[in-house]
Amino acid sequence: MAETRREYILRRQTAMKTERSSFDPHWREVAEFIQPRMGRFLVTDVNKGDRRFRSIINSTGSKAHEVARAGLHAGIMSPARPWFGLQTVNPGLMESQNVKIWLSQVELLLRTIFAKSNIYNMAPVMFGELLLFGTGAMFHLDNFDTVARFYTLTVGQYSLAQNDKFEVDTIAREYQMTVRQMVDRFKDRVSKSVMSAYDRGNYEDRRDVIHFVEPNPNFEEGNSFSDRLAFSSAYIEVGGEKHN
């Protein structure tokens with residue numbers, strides 16, 4: 001019997017998580033002694049106010065991490081100065097005044113979008129993850145109000161996979177969403193269980209969700225239809241069934 005899309009995602013996510021598992025104990029230990037609030041190795045480990053700083057008897061490491069994170073952010077992408085520039089693939093086009101004007105206008109537009117988005121809040125968090133764990137991930141999603149919105153993930157919450165060029169091209173994120181968040185995001189495409197909980201007013205009930213992003217095997221360059229874009233993005237409710 002052919003494997004369904006849902007079965008495929010669950011199988012890939014499980015395999016990727018297993019491949020990552022040997023790093024988890026090291027990341028847990030690093031977090032415990034430097035930044036105990038970083039890292040999420042259980043999908044239910046959210047909004048917990050338990051004490052986690054009991055292993056830190058000297059805060060030198062924690063302070064050094066914070067200073068390094070701030071320095072990295074200020075040095076790479078400080079909002080106080082232009083930190084990126086655009087140019088064409090063909091160097092000859094850069095000699096055209098009209099091209100220079102167009103690139104300058106696009107740069108200004110991008111800086112305006114970044115300033116109105118939350119990237120300058122999320123980027124330092126990602127730099128902190130990179131410094132502490134050696135890896136980091138941040139999602140960029142379209143947003144109607146601010147054009148772009150960014151979401152930094154923490155270690156243990158996601159797994160990565162590489163292609164034959166050793167480029168990371170696949171990510172599986174495991175997290176929880178509230179019933180209200182699921183209905184707001186996916187409307188009537190949620191499971192019957194979620195819709196029933198929403199109708200009863202249980203908006204803050206939490207459900208396990210997997211967000212899976214990988215290269216789209218049906219990609220067609222120049223085709224703007226969602227099923228022909230370069231990457232496919234799918235959300236599934238773990239244990240849920242389709243509403244209709």
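Residues numbered from 1 in each chain as written. Predicted model: local features only at pLDDT ≥ 70, side-chain atom pairs only at ≥ 80, totals over all residues. Heavy atoms only, no water.

1. What to know about the pairing of strand β3 (residues 158-162)
Pairing geometry for β3 and strand β4 (residues 168-178), over five bridges, is antiparallel. Within β4, the residue paired with Ser159 across the bridge is Ala172. Following β3, the chain reverses through five residues before pairing antiparallel with β4; Phe166 in that reversal takes a positive phi of roughly 65°. (Pairing = 2+ DSSP bridges. Helix = DSSP H or I, 4+ residues; strand = E, 2+ residues; numbered from the N terminus.)

2. Digging into the sheet that holds strand β5 (residues 206-215)
Strand order in this open sheet of four strands is β3-β4-β5-β6, and the pairing throughout is antiparallel. Strands with a single pairing partner mark the edges of an open sheet, and in this sheet they are β3 and β6 (231-237). This sheet shows a mean twist of 15° between the axes of neighbouring strands, independent of strand direction. In terms of strand pairing, β5 meets β6 through seven bridges, oriented antiparallel. Pairing of His211 across the sheet is with Tyr235, part of β6. Together, β4, β5 and β6 form the strand contacts of helix α6 (residues 179-186), whose direction differs from that of β4 by roughly 125°. (Axes fitted to C-alpha atoms, helices over the stretch in contact; angles between N-to-C directions. Contact = heavy atoms within 4.5 Å.)

3. Regarding the pattern of salt bridges
Using the criterion set out here, one finds 10 salt bridges in the structure. The partner of Glu214 in a salt bridge is Arg5, with the nearest N and O atoms 2.9 Å apart. In this pair, Glu214 sits in strand β5 while Arg5 sits in helix α1 (residues 5-20), placing the two residues 209 residues apart along the sequence. Because the salt bridges share partners, they merge into one network encompassing Arg5, Arg12 and Glu214. (Salt bridge = Lys/Arg side-chain N within 4 Å of Asp/Glu carboxyl O.)

4. Considerations on the side chain of Ser62
Mapped onto the elements of the fold, Ser62 is located in helix α3 (residues 60-77). Not counting chain neighbours up to four residues away, the residues in contact with Ser62 comprise Phe33, Ile34, Gln35 and Ile56.

5. Thoughts on the packing of aromatic side chains
Tallying each qualifying case throughout the model produces eight aromatic pairs. An angle of 20° between the planes, with centres 5.9 Å apart, marks the rings of Trp83 and Phe114 as stacked. With Trp83 in the loop between α3 and α4 (97-116) and Phe114 in helix α4, the pair connects residues that are 31 residues apart, well separated along the chain. Residue classification places Trp83 among the partly exposed residues on the basis of a relative accessible area of 25%. What links up through ring pairs into an aromatic cluster is the set Trp83, Phe84, Phe114 and Phe150. Residue placement shows Arg111 over the ring face of Phe84; its charged tip is 4.9 Å from the ring centre. Its end group placed over the ring of Tyr175, Arg173 keeps NZ or CZ at 3.7 Å from the ring centre. (Phe/Tyr/Trp six-rings, centres within 6.5 Å; stacked < 30°, edge-to-face > 60°. Buried < 20%, exposed > 50% of the residue type's maximum accessible area, 1.4 Å probe, protein only. Lys NZ or Arg CZ within 6 Å of the ring centre and 35° of its normal.)

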